[in-house]
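Residue strings, one per chain:
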Amino acid sequence: MSSPPTPTPLVVGIDLGTTNSLAAVRAGKGARVLRDRDGEPLIPSVVCFHPDGRTIVGREAKALRLSHPDRTVFSVKRLIGRSVRDLDAEVRSLPYRVVAGERDLPRVQIGDRALSPEAISALVLQEVKATAEQALGAPVQKAVVTVPAWFDDAQRQATKDAAALAGLECLRILNEPTAAALAYGIDGSKDGTALVYDLGGGTFDVSILRIDDGVFRVLSTAGDTHLGGDDFDNLLVDRILASFAKAGSSARPSDPYVLQAVRAAAESLKIRLSTEGSATLDLDLDLDSTDGGGRLSLTVTRAEFEAAIAPLVQRTLDCVQRAVKDAGLRIDQIDDVVLVGGSTRIPLVRERLEALVGRKPHTGVDPDLAVALGASIQADVLAGNDRSLLLLDVIPLSLGIETLGGAVQKLILRNSTIPTSRTEEFSTGVDGQTSVDLAIYQGERELARDCRQLGRFKLRGIPAMPAGLPRIAVTFLVDADGVLRVNARETRTGVEAGIQVVPSYGLSRDEVRQMMLDSIENAQADYLAREAIDVRNKAEAMVRGTQKALQMAELPPDQTYAVQKAVKALQKLLAANAEAAALKAGCDDLTKVTASIADDVISSAVTKALREEEQR
Ligand code: AMP
């Protein structure tokens, strides 16, 4: 008897969004979104911790935002993998309480419970998983989860952790723009550049992708974390409230229920204006007023709406131009324009974007579903069903470790295609040192103080040796999800230690961009600061090396005196924190004295000591 064929493992693609989340699965040549029992694909990324003890996720939770503002958590994606310090302004605008937990990580305080953003995201993912399982009639254990292209290691790792908490093995963290491009059939089989324009409810992202030999690289990103359809709604809300006021209504805009009803009416008006030339709103707020003050009829034309939102649309276009420029491209070098997010259904958005880029955007895929659909295509590749596609991404900022004097030695450069790894050898700086501290940094600047520390660890158990002798191989490995592991190994003894970068904080896309700009602006100053550190390290090594050599060599007293004099002069300069040029001159003087010694005893000893120092 033969065993039944093993069913192909189900791997779904999940778009874990700020506002809504959803799952999709590959079906035949295409992909299909997994809908709930009511046929709804979008699950609001909202969790309500009801006072009656229930945890409610999705549409029902969204409806409870008003009645339980302090117990209903939304937009948790804005918090994940970041620190409270980084989130300061963001946190103040939220109706629920965010407090600082261990390592300054945010915790959402609900009654006496302090929940991590990962745990709350996990509840959303569980709901997505349950919906997918119900739609497929089979268990789902594996997924590809998407994140914004500008998410850093910590934010990616935190998203992976959330998936694990939800009982999902996350096979890959995929960049949202890459997923969107895939959904539109940009599958890497043709080289080119794509512009992904993602305008949702609360955020705007634009990414420029380069596709070469099946490899997707994010060349640049830009956007605004607080710009989207909600802002268009707000403009209409203002208009409606002004009409109420003009009509002498008694409706109070400060009442949250009135405001919510007005906001819902504004959104529906906006959506109708995407297909109609004008739309009329008949609002009855059902207030206990006898003067009919709760009733309003208002007609808004598409032209009026477009005039109101035009400045906001222009802001998105400014970002597009910036992203194209940052990618080192001209706008006419963009091959494909891909639309993501519900607000790209607005005709003015499409028209203005088309006019700017000079290309018709692809519109064949529902912009709300594109990211999940694309993720499901990648999921299928990882499940082993489709071997024609190879998808790779790049890391957004360089990674390195702090070396002597506070400089950063970069091991993995920004834009390296992942997965990637690199090993470099370092050594100790002090005689008899039995442990080294390794501090890991992310950023483009030369000095550790200007980069972001991602984590640190200690390598212990190094046998006591003279400085520069231990050989410590440090390996940086960034896996396919962009998660970093660092390992250090003393090669003689084999002692080793390592760390997987823990999400102590994350960076927003704006911060990544700012760090890039800072590195360009400060390039000259950084170069000089780095040079000063290098010269100082060299001078210190020369002093140490020469002193050792003097002990080993038997020199005539006059030569010993000359060498000692040059060493002392250099030590004096070091003690006085002399500038790089003076230290360099001091090093040169010492080299001259040692080089002139006939039997080369000292210069060879110094050269050896220096070589060891350089390896560090
Ligand atoms: P997303 O965050 O991608 O789900 O996008 C949600 C945003 O898209 C909300 O602000 C919606 O009001 C908006 N939206 C959805 N459909 C339309 C439409 N047909 N016209 C204009 N805006 C829309």
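> What is the right way to read unusual backbone geometry from this model?
Note: most residues except glycine have negative phi, and most peptide bonds are trans. Notably, Ser 75 is not glycine yet its phi reads approximately 55 degrees, a positive angle. Summarising the element assignment, Ser 75 is placed in the loop between strand E7 (72-73) and helix H2 (84-92). A positive phi angle is found at Arg 103, which is not glycine, with a value near 50 degrees. Here Arg 103 shows up in the loop between strand E8 (97-100) and strand E9 (106-110).

> Which parts of the structure should I look at to understand the site of the ligand?
Of all residues adjacent to the ligand, which total 15 residues, the nearest are Gly 201, Glu 267, Lys 270, Ser 274 and Arg 345. In this structure, an oxygen atom belonging to the ligand sits 3.2 Å away from a main-chain N or O atom of Ser 343. The separation between a nitrogen atom of the ligand and a polar side-chain atom of Arg 345 is 2.8 Å. Surface burial for the ligand is 84%, taken as the share of its 500 Å² of free accessible area covered by protein chains.

> Mind showing me how you'd approach helix H14 (residues 580-595) here?
At 3.6 residues per turn, the α-helix brings residues three or four places apart onto the same side. Between the first and last C-alpha of H14 there are 22 Å, a value that for 16 residues agrees with the 22 Å anticipated at 1.5 Å per step. Residues of H14 that are buried: Ala 580, Leu 583, Gly 586, Cys 587, Leu 590 and Thr 594. Relative to the axis of H14, the buried residues are bounded by an arc of 125 degrees and lie together on one face. Away from the buried face of H14 by more than 90 degrees, exposed residues Ala 581 and Lys 592 are located.

> Mind showing me how you'd approach the packing of aromatic side chains here?
We describe a pair of aromatic rings using the distance from one ring centre to the other and the angle between the two ring planes. Counted according to the given criterion, the structure contains three aromatic pairs. Residues Phe 74 and Tyr 96 carry aromatic rings whose centres are separated by 5.7 Å and whose planes lie at 90 degrees to one another, so their mutual orientation is edge-to-face. Residue Phe 74 is located in the loop between E7 and H2, and its partner Tyr 96 is located in the loop between H2 and E8; the two are separated by 22 residues in the primary sequence. Residue placement shows Arg 65 over the ring face of Phe 74; its charged tip is 3.7 Å from the ring centre.

> Please explain the nonpolar core as it appears in this structure.
Considering soluble globular proteins, one finds that nonpolar side chains tend to be buried as a cluster. Leu 195, Tyr 197, Ile 208, Ile 240 and Val 262 are the most contacted members of the largest nonpolar core, which has 77 residues in total. With nine residues, the top contributor of residues to this core is helix H8 (residues 302-326). With sequence-adjacent residues up to four places away left out, Val 262 is seen in contact with Val 237, Ile 240, Leu 241, Phe 244, Leu 283 and Leu 285.

> What is the right way to look at the sheet that holds strand E25 (residues 452-459) in this model?
One key point about sheets: their strands pair by backbone hydrogen bonds, in either a parallel or an antiparallel sense. Strand order in the open sheet formed by four strands is E21-E20-E24-E25, and the pairing between neighbours is antiparallel. Two strands in the sheet have a free side with no partner beyond their single neighbour: strand E21 (407-412) and E25. Sheet twist, expressed as the average angle between the axes of neighbouring strands with direction ignored, equals 30 degrees. Examined bridge by bridge, strand E24 (residues 436-442) and E25 share seven bridges and lie antiparallel to one another. The residue bridging Tyr 441 from the neighbouring strand is Gln 453, located in E25.

> Sorry if this is basic, but what is going on with the sheet that holds strand E23 (residues 420-426) here?
With antiparallel pairing, four strands are arranged side by side in an open sheet as E23-E26-E27-E28. Because the sheet does not close on itself, it has two edges, and the strands there are E23 and strand E28 (496-500). Mean inter-strand twist for the sheet, computed between neighbouring axes without regard to direction, equals 15 degrees. The sheet contact formed by strand E26 (residues 472-478) and strand E27 (residues 484-490) spans seven bridges and is antiparallel. Looking across to E27, one finds that Val 474 is bridged to Ala 488.

> Mind showing me how you'd approach the pattern of salt bridges here?
Side chains bearing opposite charge may pair, as long as their charged atoms lie close to each other. Here the structure, examined in full by the defined rule, presents 26 salt bridges. A salt bridge links Glu 446 to Arg 530; its shortest N-O distance comes to 3.2 Å. One end of the pair, Glu 446, is in the loop between E24 and E25; the other, Arg 530, is in helix H12 (residues 523-552), and 84 residues separate them in sequence. Looking at Arg 530, the relative accessible area reads 17%, which means it is buried. Within this structure, Asp 36, Asp 38 and Arg 59 form a network of salt bridges that share partners.

> Just to check I follow, could you spell out the packing of helix H6 (residues 229-246) against H8 for this structure?
Put simply, H6 and H8 touch, their axes get as near as 10 Å, and they point 135 degrees apart. In this view, H6 runs oblique relative to H8, as classed from their interaxial angle. The handedness of the crossing between H6 and H8 comes out as right-handed. On the side of H6, the interface is formed by Asp 231, Phe 232, Leu 235, Leu 236 and Arg 239, while H8 contributes Glu 304, Phe 305, Ala 308, Ile 309, Leu 312 and Val 313.

> Looking at this structure, how should I read H6?
Its 18 residues give H6 an end-to-end C-alpha distance of 26 Å, which sits within 8% of 26 Å, the value for a rise of 1.5 Å per residue. Buried residues of H6: Gly 229, Phe 232, Asp 233, Leu 236, Val 237, Ile 240, Leu 241, Ser 243 and Phe 244, and no others. Those residues of H6 that are buried lie in contact with strand E13 (192-199), helix H7 (256-272), strand E16 (278-284), strand E17 (295-301) and H8. Two residues or fewer past H6, Gly 248 is found with a positive phi of approximately 65 degrees.

> Whenever I open this one, the confidence of the model for the protein chain confuses me. Can you help?
Parts of the model with low pLDDT should not have their predicted coordinates read in detail. Confidence along the protein chain averages 86 in pLDDT terms, with 88% of residues attaining 70 or more. Contacts from residues 1-6, a stretch scored under 50 in pLDDT, to residues over four places away or in other chains number zero contacts. Scored below 50 in pLDDT, residues 502-506 makes 36 contacts in the model with residues more than four places away or belonging to other chains.

> Looking at this structure, I do not really get the pairing of strand E3 (residues 30-33). What am I missing?
If a strand is regular, its side chains alternate between the two faces of the sheet. In this structure, strand E2 (residues 20-27) lies alongside E3, joined through four bridges in antiparallel fashion. Counterpart to Ala 24 in the pairing with E3 is Val 33. Linking E2 back to E3 in an antiparallel pair, the connection comprises two residues, with Gly 28 at a positive phi of about 60 degrees.

> I keep staring at the environment of Met 465 and nothing clicks. Help me out?
In this fold, Met 465 is placed in the loop between E25 and E26. Separated by 34 residues in sequence, Met 465 and Asp 431 have C-alpha atoms that sit 6.1 Å apart. Once residues within four sequence positions are removed from consideration, Met 465 is found in contact with Val 430, Asp 431, Gly 432, Gln 433, Pro 470, Glu 490 and Arg 492.

> Please clarify how the environment of Leu 469 should be interpreted in this entry.
Summarising the element assignment, Leu 469 is placed in the loop between E25 and E26. According to the relative accessible area criterion, Leu 469 is partly exposed, its value standing at 29%. Considering only alpha carbons, one finds Leu 469 and Asp 431, 38 residues apart in sequence, at a separation of 9.0 Å.

Calculation rules
Along each chain, the written sequence defines residue order, and numbers are assigned to residues from 1. For a predicted model such as this one, the threshold for reporting local features is a pLDDT of at least 70, and the threshold for listing and counting side-chain atom pairs is 80 or more; totals across whole chains, interfaces and linings nevertheless cover every residue. Values reported for side chains reflect all heavy atoms of the structure, with hydrogen atoms and water molecules removed beforehand. For the purposes of this entry, the term helix denotes a DSSP run of H or I that reaches at least four residues, the term strand denotes a run of E that reaches at least two, and both are numbered from the N terminus. Working definition: residue near molecule or strand if any one of its non-hydrogen atoms lies within 4 Å of it. Any pair of nitrogen or oxygen atoms within 3.5 Å is treated as a polar contact; in protein, a donor-acceptor pairing is required on top of that, and neighbouring residues in sequence qualify only through side-chain atoms on both sides. Accessibility throughout is a Shrake-Rupley quantity obtained with a 1.4 Å probe, and a residue counts as covered only by protein chains that appear here. What a helix should span is 1.5 Å times the count of its residues minus one. Think of it in three bands: residues with accessible area under 20% of the maximum for their type are buried, residues over 50% are exposed, and the middle band is partly exposed, with areas taken using a 1.4 Å probe on protein chains only. What the arc covers is the set of directions going from the helix axis to the C-beta atoms. Working definition: a ring pair exists when centres of Phe, Tyr or Trp rings (six-membered ring for Trp) sit within 6.5 Å. Plane angles under 30 degrees give stacked, over 60 give edge-to-face, the rest tilted. Criterion for a charge above a ring: Lys NZ or Arg CZ within 6 Å of the ring centre, and within 35 degrees of the ring normal. For this analysis, a nonpolar core means a set of buried residues of the types Ala, Val, Leu, Ile, Met, Phe, Trp, Tyr and Cys, connected via side-chain atoms within 4.5 Å. Residue contacts are defined here by distance: any two heavy atoms, one from each residue, within 4.5 Å place the two residues in contact. Here the rule is simple: two strands pair whenever DSSP picks up at least two bridges between them. Between N-to-C directions, angles span 0 to 180 degrees; the directions come from axes that are lines fitted to C-alpha atoms, helices contributing only their stretch in contact. What makes a salt bridge here is a side-chain nitrogen of Lys or Arg within 4 Å of a carboxyl oxygen of Asp or Glu, nothing more. Angular relationships are summarised with four words: roughly parallel below 35 degrees, roughly antiparallel beyond 145, roughly perpendicular across 65 to 115, and oblique for the angles in between. Two helices crossing with the near one rotated counterclockwise from the far one by less than a right angle form a left-handed crossing, whereas a clockwise rotation gives a right-handed crossing. On a range of 0 to 100, pLDDT expresses the predictor's confidence in each residue.

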